[in-house]
Structures are given as structure tokens and as C-alpha cells.
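# Survey of secondary and tertiary structure
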Number of protein chains: 4
Amino acid sequence: MATARRQRKDAARNALLVLEAAAQAFGVGGLAVDMREIARQAGVGIGTLYRHYPTKEELLVAVLQADIAAWTERTSTVDTADAYAALRSYVAATLSTLAERRTLLDGLAVGDVAAPAFAACGEHLRTTLAPLVARAHTDGVLRADVTMEDVGLLIVALSRVVQVAPTAWERQLDLALTGYRA
Amino acid sequence: MATARRQRKDAARNALLVLEAAAQAFGVGGLAVDMREIARQAGVGIGTLYRHYPTKEELLVAVLQADIAAWTERTSTVDTADAYAALRSYVAATLSTLAERRTLLDGLAVGDVAAPAFAACGEHLRTTLAPLVARAHTDGVLRADVTMEDVGLLIVALSRVVQVAPTAWERQLDLALTGYRA
Amino acid sequence: MATARRQRKDAARNALLVLEAAAQAFGVGGLAVDMREIARQAGVGIGTLYRHYPTKEELLVAVLQADIAAWTERTSTVDTADAYAALRSYVAATLSTLAERRTLLDGLAVGDVAAPAFAACGEHLRTTLAPLVARAHTDGVLRADVTMEDVGLLIVALSRVVQVAPTAWERQLDLALTGYRA
Amino acid sequence: MATARRQRKDAARNALLVLEAAAQAFGVGGLAVDMREIARQAGVGIGTLYRHYPTKEELLVAVLQADIAAWTERTSTVDTADAYAALRSYVAATLSTLAERRTLLDGLAVGDVAAPAFAACGEHLRTTLAPLVARAHTDGVLRADVTMEDVGLLIVALSRVVQVAPTAWERQLDLALTGYRA
DNA sequence: GATGAATGAGGATTCATTCAT
DNA sequence: GATGAATGAATCCTCATTCAT
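Because the structure is a prediction, the values reported are computed rather than measured. (Residues numbered from 1 in each chain as written. Chains lettered and ligands numbered in written order. Predicted model: local features only at pLDDT ≥ 70, side-chain atom pairs only at ≥ 80, totals over all residues. Heavy atoms only, no water.)

### Section: the domain arrangement of chain A
Reports often express the size of an interface as the amount of accessible area lost when the parts come together. Residues and elements named next belong to chain A. Each assigned domain of chain A is listed with its residue range as follows: domain 1 (1-54) and domain 2 (56-182). Centre-to-centre separation of domain 1 and domain 2, based on C-alpha positions: 29 Å. The interface is formed by 15 residues belonging to domain 1 together with twelve residues belonging to domain 2. Both faces combined, the contact of domain 1 with domain 2 buries some 1100 Å², and carbon together with sulfur accounts for 78% of it. When the buried area of domain 1 at its contact with domain 2 is split by residue, Leu19, Phe26 and Leu31 rank highest and sum to 44% of it. Between the two partners, domain 1 and domain 2, sit zero salt bridges. Inspection of the region where domain 1 meets domain 2 yields two residue pairs in polar contact (both at pLDDT 80 or more). (Domains from an automatic or database assignment. Contact = heavy atoms within 4.5 Å. Buried area = accessible area lost by both parts, 1.4 Å probe. Salt bridge = Lys/Arg side-chain N within 4 Å of Asp/Glu carboxyl O. Polar contact = N/O pair within 3.5 Å; in protein donor to acceptor, adjacent residues only side chain to side chain.)

Okay, structure coming up:
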């Protein structure tokens, strides 16, 4: 049993090694990366990689899910003292997550396989961002016609800035948010 | 002579057909598209495709150059009556060009081959956008600390909106530009 | 008519230009040379090349035939004063021809198409070399058991020396011929 | 460990099968042979072929190296009882090796990749042939002015005979060697 | 007759995935 | 469970040859 457990531990560790290598590799080379290269960087055989992720697509989805998990965790701890600060904090946390997660940032999606992952993403947006926007409206710190969708698109827009000029997004965020303010 | 010209005309037409098919195909499938598929969609043989564009890279660059040419043309006729309107018009013209040119929008670039094309792009930005920003400052319709780079990044940012929600960019542009206003 | 004649002259000239370019090109790159490259070096269009030589093979055969013609001409004027000198002169003339004709030297032959050309070659060997060998035997300057075939193979052998060390064949010829002497 | 070794054994066998098929194929069709055809004749998939020899060039070089190895092995056991016999034996062993190794015989070489292989070849010539020539001189069985280079060129020359008339080289060797004798 | 654009079969190589060990 | 050798479909590109002008 001890052996079995040890093996399971090793297996889990391998799965993780592959996941990290894949995140790295997809971030650098996009979908074009060679599965062998990922296996190599993970320090495992190609067979091991395929045992854990039977398909390139599934591996990508796994990376995506890990990214999204990191994001939901990061954005669940926004400081809520001030309504405007809370909103800004949420957007900033999202963008800073994207800055570290190229796969998510690049929107690497593949066919319908990634759809569920992104659906979970929208779900989280609705449950966490909506209250913040509502409160901002209540507190009168947001233009009345600005919706949650607008803020979502703001994030989407600034994600490109993150991609192109990784240090410039904070300034652009503040410039743009000025336009959203009441 | 007339004969020779006629042939060239046909050849030129084929080159154009290939270019259009490629723009379409790259826009849909990214760099992964099969050269044969492009040839098929252009209605020419694969050999003809390669006669005009000896490499996949070169074909992509040609598409990029056509996109950029379309953009420079479109942005050279901005209404200059009002400084703010002129600036907005420039950004809007750029974004609407991107909306029709997926290759450019997706920033499909390949190694160093695309670099010159994009360099021309930056060049054009500097010569056309700079005066508009300068005039906006002179006329006092732009926050004093907003630079040409900021406007460039605004375009970059909104290009993502174009990509994700092709009809929403105009509203986002006006929202954001409010923040840039003096 | 003058025009017609002029055109025929031009056509003949083109055929010759192609032949020379082909001889050069095959000599350098073997059969792998691109037909377009030959046309380019001949200064004619690819269509013109194909008008004169409908096939790569046929072009090669034409080059071969020109080579063989040069050889038969060169070897028909051997000095016949002394039987041994005549024999040596014949072999030397052959080898020096080979030294200038890479296509022939490399034995570039292709399928059955080249066979007739080489048959003519053997034919010429029999009609010109045989008498020389016979006379050498009569004059007692050649070992009695040395046949025409032996001399033929001597040529074949030394042709490789010509190929590998273009200046060394004469010495090797004299060394070897010593063994053939009575 | 036993497991790993077994796999390597199979892999090694495949590598060898490919090598032999390639030697055969290059010998018949020169460099023009289709890699797929080689794989087919070896009874392996094209991917397996490429796993062992990542390039057509490298496969050719491998064939060349095997040929050269066979030659060095064959020529290291020459009978040294009599100086003249030893020399003849060396040349004969070389030629009979060539008779079985078309790739080497045809001098199939490709760019600079084959250069090292052939360099090793010249090296071996110098270390094994030189002493034989020296001893022949000492024993007075070789014309004083005949050098190692002459013998080398004799081999080169007769290799063409091997190519053209595979059964005639021995007679030609003896004829020619007579000229080299003291 | 000359030209060169068009054609497409053919050939080298890569890479996702399977499977024997 | 891990490994990596084997597989072959897919893809880029070349080049002999044809044909419209």
C-alpha cells in the first residue's frame, strides 16, 4: 500500500510537471509546440505525458483550467472598503493574473473543447463582478449607463495592452476608468 | 507587347486571387492553414501559388502589407474640422479597418520577415497620429499628460474588443476617450 | 523568305545556346539540374528550350551526341607514323576529350534513351581502335594477349583518373601502357 | 534494465535494416531514391527511418561510413609474405570491397557532410598503404619512381573498371601492375 | 517561333498518437 | 505506471512539362 501511495504521488507529481511545462510552452510557442518538447521540458517520457493527458487539446484545457482557477482565487480577495477601489482592484487583479498566464492571455482556445472552461470563466465573472458593479452604482461612483458588460470588455481590451506592453496596463487602466466614473 | 501585357494581367489577377484567399484563410485558421487549401480557394494550382509567393511566410507578409496599405489609405482621409473629432475619427478608422482585416487584427507575424511590414506601420503611426495629438493638445481637448503612445495603446486595447465583440468597439471607444479628454 | 531564313537561323542559334548551357550545367550538377536553370543560362525562355528538346532526357542525349561527335572527330586524326605512338595517341586524344566533356566523362546516361548514343560510341571504337591494335600486334609492340577490349578498359579506367586528378592521367597512362607493351 | 536493452536491440535492428536497404537503394538509384522506398524495403515506417537518420544526407553518410569500415577491416589483413604480393593483395582487397559496395564505388558524396567520412578514408590509406609501398621499394619489386599516390590512382582507375565490367578488374590489375614493377 | 504562367505529381520532413516492453 | 520506438497522415515545397498568348 505504501508503494501504491508512493506511486500515486509520483504520478500526481508527473501530471503537475507536465502541466507546468505545458503552460510555459504554450505561452511561448502557442499551439504549435511539439508534444515531445513539452514532455522533455517536464522531464518525463512522451508516454507519461499521454497517460495523464490523452490529447493535446485536453492538455491545453487543463492548462486553461489551472489558469482560470488561479484567477478566481486571486479575484476573490478584493479589498471592499471603497466601491470604486474595489472595482479597480478586481480589474487590476484580473489583469495581473493575465500578465502571468500567457495561455489564458492569448486566449488559446481550441474548438469546442475549451468552451466549458471559458463558460466557468463567465460564470465567475457574473457572480463576482456583478455585485461590485451594483455597489458602485449604488454608491454613485460609476456612470449610470455603464454595465457589467462594459467592465468585462474593458478587461478584455486591457488584456491586449498587457500582452503588448506588460508594464503599461496600469496607467491605461486609470486613464480608461476615468471615463467610466460618474 | 499587348500579348505580353495580357498575360501579365492574368498573372496579376491570379496573384490577387491568391492574396484574397490567403487573407481569408489566415483570418480563419491562423498560420495553420494548408497552402493547398489556399490555392484551392483561390482557384489556382499550388504551383501558381508558389510562383507568386515562394514561401508561406512571404504570402503572409504580402497579406499583411495589403492590410497595412488599406489602413494607411483609410486613415489618410480623416476629417480635420475639429481636433477631438479628428482624433476620434482616426482611431475609429483604424479600428474599423482592423474589423475587416483579421490577419492584421490577429497580429499574425512570423519571425523577422514581418518586421519590416510592421515597422512601416509604426512609421505611419508617427507621421499621421502625432500631428493629430499635437493639435488636440493645442486646442486643449486632450489631457495634458496623454501622449501619442497612450493613444496607440488605446487602439491596441480596443483592437481586442473588435476581435471579441465586433460591434461593441465604438461604445467602448467613446467611454474610454472620455478619460482622455481634458 | 529572308525573314523565314532569319528565324530559322535564330532558332538554330537558340538550340545551340541551350545545348551549350546544358553541357555546362549537367557537367556541374549532374542530372539534378533544373531545366529552368539551363534555360536561364542559355538566355532563352523555358518554352524555347522545350521546343528544341522536348524532354530532359532528350536534351541530355543531345549533349552526349555532341560530346561523342567531338570525340570521334578528335580521334580520327591520330598520328600513324609509329604503331605504339599511334595507339598511345588515340588513347590520349580520348582522355583529353573526356577531360573537357564532363557529361561524357561522368557517363551520365539515362535509361534506354542514351543507349543508342553509346552504341554509336562502341561502333566508333571498333572501327578506329581495332586497326590500331591490330597494327601494334603486327609490329610486335603490344603483348600478344592484349585485346582491343583491354585497351577499351584502360581508357575507361583512366577516365576516372581524369575525373579525380585532371592533370595526372598522362603519367598514369604511361605507367599502365608499359604493362601492355611486348 | 533487461527490458530497456531489448528495446534497444529492436531499435538497433531497425537501424541496421534501414542502413542495408539504403545501401542497396543508393547503389541502384543514386541519390535520387525516394526515402519512402528505402523505408518500404527496410520494412519499417518512414517515421522510424527518420528517427534513426534524421536526414537523407545523414543516412547516406551512415552508409558511406559502413562501407569505409568494411574496407578498412578487409584491408587490414593483407598477406605480407611477399612484398609484391602484399601490395597486389591490398589493391585487390580494396577493389573487391568496392565491387560489393556501390555507394562507395559511385563516390556518392553530398556536400560537406560526407567530407569527414572520406577524410578518414585518406587517413587509412596513408597508414596502411604507405608501409606496403615502402617495403616494395626496399625489396626492389616496384619501379623506383612509383609513389604511393600512383598506387592510389591505380585503385581509383580500376574502380571504374569494377563499375563497368565487374569481372574484368583482376586481369586489368595484373596488366597495369606489370608497368609498376621494377 | 518565343515566352513564361500554370499545373500537379512527387519527395523530404514533422509530429500527434499508439503500443510493446 | 513509465518509457520511448514505431507509425503514417499531413504539410511544405520543387520541378518537369504543357499551353495560352
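### Regarding the protein's contact with DNA strand F
Around DNA strand F, 39 residues are found, and the nearest of them are Thr48(A), Lys56(B), Asn14(D), Thr48(D) and Arg51(D). What you see for DNA strand F is that sugar and phosphate hold 60% of its atoms within 4 Å of the protein. The contact in question runs from a base nitrogen of DNA strand F to an N or O atom on the side chain of Arg36(B), over 2.9 Å. Sorting the residues of the surface near DNA strand F by element identifies α1 (2-29) and α3 (46-52) of chain A, α1 (2-29) and α2 (35-42) of chain B, α2 (35-42) and α3 (46-52) of chain C together with α1 (2-29) and α3 (46-52) of chain D as the ones contributing at least two each. For the surface near DNA strand F, the class distribution of residues is 13 nonpolar, 14 polar and twelve charged. (Near = heavy atom within 4 Å. Helix = DSSP H or I, 4+ residues; strand = E, 2+ residues; numbered from the N terminus. Nonpolar A, V, L, I, M, F, W, Y, C, P; charged D, E, K, R; others polar.)

### Quick look at the interface of chain C and chain D
Residue-level contacts link 26 residues of chain C with 25 residues of chain D. Between chain C and chain D, a total of about 1900 Å² is buried, with carbon and sulfur atoms accounting for 55% of that surface. Among the residues chain C hides against chain D, the three largest losses belong to Leu153(C), Arg160(C) and Leu175(C). Together they make up 33% of the total. At the surface where chain C touches chain D, the tally comes to four salt bridges. Close ionic contact of Arg171(C) with Asp150(D) constitutes a salt bridge, the shortest N to O distance being 2.5 Å.

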